[in-house]
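Structural overview
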Amino acid sequence: MQTTVASTPQATPMTQDTQTKEDFFTQRSHFCGDVTADQVSQTVTLNGWVAVNRDLGGLIFIEMRDRSGFFQIVADPEKNPQVHGILSGLKAETVITATGPVTRRPEDTYNPNLPTGEFEIYPTSVEVISRSKTLPFQLDDEADLVDEGLRLKHRYLDLRRPKMHQNFLLRHQVAQAIRNSLNSQGFLEIETPILLKATPEGARDYLVPSRVHPGQTFALPQSPQIFKQLLMVSGMERYYQIARCFRDEDLRADRQPEFTQVDLEMSFVNQEDVLSTVEDLLCQVFSVSGITLEKPFRRMSWQEAMEKYGSDKPDLRFGMEFIDLTDIFTTSEFSAFRQQVEKGGVVKALMVKGAASYSRKELDDLQVMAKRFGAKGLAYIVYNEDGPKSPILKFMSEAEQQAIQQRTGAETGDAVFFAADSFNAACAVLGRFRLLFGEKHNLIDKNRHEILWVTDFPMFEVDDAGNLSPNHHPFTSPRPQDLELLDTDPGKACSLGYDVVYNGAEIGGGSVRIHQRDLQAKIFKLLGLTDEEAHEKFGFLLEAFEYGVPPHGGLALGLDRIVAMLAGEDSIREVIAFPKTNNAACPLTSAPSAPSEEQLKELHMAWVLPEEEAEA
């Protein structure tokens, strides 16, 4: 089902009763972008902003703008000196009303870039509703180059730009498509609490002190996870919510302290049911931007994604798969590689076409970058016309060198880059370089749309001390075939968790959930929670699981990220009306700010600041 949304609300046609003595302005009869040939010779009234004022020494041309688009008005000092006098020197972003008959422009002055580019009005009257000061920056495409802090300080101006209007029209259309799709599949839209109990979700909570419960706090939700599971216990069966969530974490271009996710949960389903439902949803969402996704989406296990691409969110718009060379070095004289294999590690390689042309400085820069990525370095062999060259060739036998070239398919002009380390470390560093080489060699087709499911994630992450932490979250169900591993080797267990990946970015993730109390309690124990700690943090959930729980699963999609990618924006801040900066501050309102002593007293609180801040 295609979602159609009008670009502008319906204008109210002028009548004698429209304008009253209480009005401060004459209301529009049409929007600027909606005037067509049907209105030629008709008198229209437009409300909007002065986008451009061009005084040609006689005639004045005003590009007038409202949410719908632009329209040209012209003032002739001979025909209407009063209107000409009003418009003369009028600053950009002044709000005006213009009334006059629609005429066609001279054909040689048509503007083919505007839907209204054939028409104009010579206003019979102009009202200046609200004047503007000189702008801190120009509201055009060049505004993208303006310091972001300045743009966010004056966000209400930044949002006036047509590009930003298009971004938020797209966001609205995406939200409508989501609701249309899920409503048609029998989901109920239900709101979950914003003030709740703090739970470990992998990032810091934002805490809200309680005035009526001195010394206690609420937490803002990192996700509605527990409550949507409780809705399944409640028999709602199909729930969704376009939910506001909060995480006090370090920020990047695709992260914000407050963000929006599309949250859904389903009862009596298996993994395939959830994936199929979300595929229908995303097909409808992407169609808003004219993108057709083919169902079913490609499926790839976490293990395959890491082995081939070194990432659990692989960008499939180009190839350059890893080549496994581990077996070549099991008994090699090259100790740096052999020792990694003996420790259970791997030797993987990337063959990069044309990379033999890299300068020595470029190759040295790659070594520095590898160390920044957490590796000891980046070994390489370049294949020139006079044969292979590399500092590591002296450690390899002729047979090993031939095996590498044969397996990688390297030819003259190519280069092979190696990572020898533990499986996770080697895959991770080569995954970073795969993306770097893909960009450097223009291998990524920006017009392709590659979407896939990554499934069968490890149930846990294991640190050097052997401690377990949840890969997704502690409510994710293990695969049925891996239940025994929870007792024998939990670090090897895989889950019924899944992520949906679009063009190398994770846009959503979820899982089939644990619905048995004993299994949920067992997972808590594996994660290091005592019975008392589990009861303190999740007692209400465990108790609910004693009253009949349907099998259930769900997913959350990052709405901000999806809209940003569909809009072609690098940062989600471009599709959030009033975002925070990289240090989680709001230049517009100067938030966060210090509470007053009176507020602290009422909340039974006192600040304990770091020493350097206290001294300052």
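Heads up: the structure comes first, above all this text.
Residues numbered from 1 in each chain as written. Predicted model: local features only at pLDDT ≥ 70, side-chain atom pairs only at ≥ 80, totals over all residues. Heavy atoms only, no water.

1. Side note on the sheet that holds strand 17 (residues 415-421)
Ordered by their spatial adjacency, five strands build an open sheet running 13-14-17-15-16, and the pairing between neighbours is antiparallel. The open sheet has two free edges, formed respectively by strand 13 (323-324) and strand 16 (387-389), since each of these has just one partner strand. Looking at chain direction, strand 13 and strand 14 (residues 346-352) are connected through two bridges and run antiparallel. When the sheet's bridge partners are listed, Asp324 is paired in strand 14 with Lys348. (Pairing = 2+ DSSP bridges. Helix = DSSP H or I, 4+ residues; strand = E, 2+ residues; numbered from the N terminus.)

2. Some remarks on helix 15 (residues 559-567)
The element helix 15 is extensively covered by neighbouring structure, given that seven of its nine residues are classed as buried. Those residues of helix 15 hidden inside the fold are in contact with helix 4 (162-184), strand 10 (238-246), strand 11 (258-267), helix 6 (271-287), strand 22 (505-512) and strand 23 (552-558). At the exit of helix 15 stands Gly568, carrying a positive phi of roughly 75 degrees. (Buried < 20%, exposed > 50% of the residue type's maximum accessible area, 1.4 Å probe, protein only. Contact = heavy atoms within 4.5 Å.)

3. A short note on the pairing of strand 22
Of all eight residues in strand 22, seven are buried; the element is thus mostly enclosed. In the sheet, strand 21 (residues 497-502) pairs with strand 22 via six bridges, with the strands oriented antiparallel. Note on strand 22: the bridge partner recorded for Val500 is Gly508. Linking strand 21 back to strand 22 in an antiparallel pair, the connection comprises two residues, with Asn503 at a positive phi of about 50 degrees. Where strand 22 meets strand 23, five bridges bridge the pair, whose relative direction is antiparallel. By the bridge assignment, Gly508 is partnered in strand 23 with Leu557.

4. Remarks on helix 4
An ideal rise of 1.5 Å per residue puts 33 Å on 23 residues; helix 4 measures up with 33 Å between its terminal C-alpha atoms. Residues of helix 4 that are buried: Met164, Asn167, Leu169, Leu170, Arg171, Gln173, Val174, Ala175, Ala177, Ile178, Ser181 and Leu182. In this structure, the buried residues of helix 4 make contact with helix 3 (155-158), strand 10, strand 11, helix 6 and helix 15. Gly186 sits one or two positions beyond helix 4 and adopts a positive phi of about 85 degrees. (Expected span 1.5 Å × (residues − 1).)

5. Regarding the packing of aromatic side chains
In this structure the tally under the stated criterion is 15 aromatic pairs. Ring plane angle 65 degrees and centroid distance 5.2 Å describe the contact between Phe373 and Phe433, whose orientation is recorded as edge-to-face. With Phe373 in the loop between helix 9 (360-372) and strand 15 (379-384) and Phe433 in helix 11 (residues 423-440), this pair connects stretches of sequence that are 60 residues apart. Ring geometry for Phe475 against Phe538: centres 5.5 Å apart, planes inclined by 85 degrees, an arrangement best described as edge-to-face. Here Phe475, found in the loop between strand 20 (468-470) and helix 12 (485-488), pairs with Phe538, found in helix 14 (residues 531-544); they are 63 residues apart in sequence, far enough to count as distant. As far as burial versus exposure is concerned, Phe475 and Phe538 are alike and both buried. (Phe/Tyr/Trp six-rings, centres within 6.5 Å; stacked < 30°, edge-to-face > 60°.)

6. Let's talk about the sheet that holds strand 11
Strand order in this open sheet of eight strands is 7-10-11-23-22-21-18-12, and the pairing throughout is mixed. Whereas interior strands pair on both sides, the edge strands pair on one side only; in this sheet they are strand 7 (188-189) and strand 12 (298-301). Pairing between strand 11 and strand 23: seven bridges, direction antiparallel. Considered in strand 23, the bridge of Met266 is made with Gly553. Across the face of the sheet, helix 5 (residues 225-233) comes into contact with strand 10, strand 11 and strand 23 while running at roughly 25 degrees to strand 11. (Axes fitted to C-alpha atoms, helices over the stretch in contact; angles between N-to-C directions.)

7. Quick notes on unusual backbone geometry
Note that the residue after Lys295, namely Pro296, is joined by a cis bond; omega there is -10 degrees. With respect to the element layout, Pro296 can be found in the loop between helix 6 and strand 12. For the bond from Ala591 to Pro592, the omega torsion is 0 degrees, close enough to zero to count as cis. Position of Pro592 relative to the elements: it lies in the loop between helix 15 and helix 16 (597-602). A positive phi angle, near 70 degrees, is found at Glu237, a position not held by glycine. By the secondary structure assignment, Glu237 is in the loop between helix 5 and strand 10. Of note in the backbone geometry, Asn442 takes a positive phi value of approximately 55 degrees without being a glycine.

8. Topic: the packing of helix 5 against helix 14
Any two packed helices are characterised by the angle at which their axes cross and by the distance between the axes. It is the contact of helix 5 with helix 14, at a shortest axis distance of 10 Å, that shows an interaxial angle of 20 degrees. By the angle between their axes, helix 5 is roughly parallel relative to helix 14. Read as a crossing pair, helix 5 and helix 14 show a hand that is left-handed. Within the contact between the two elements, helix 5 uses Ile226, Leu230 and Val233 and helix 14 uses Phe538, Phe540, Leu541 and Ala544. Among the residues forming the contact of helix 5 with helix 14, the class breakdown is seven nonpolar, no polar and no charged. (Parallel < 35°, antiparallel > 145°, perpendicular 65-115°, else oblique. Left-handed = near helix turned anticlockwise from the far one by under 90°. Nonpolar A, V, L, I, M, F, W, Y, C, P; charged D, E, K, R; others polar.)

9. Some points on the side chain of Ser223
One can find Ser223 in the loop between strand 9 (217-219) and helix 5. Since its relative accessible area comes to 16%, Ser223 is described here as buried. At 3.2 Å, the side chain of Ser223 forms a polar contact with the backbone nitrogen of Gln225. (Polar contact = N/O pair within 3.5 Å; in protein donor to acceptor, adjacent residues only side chain to side chain.)

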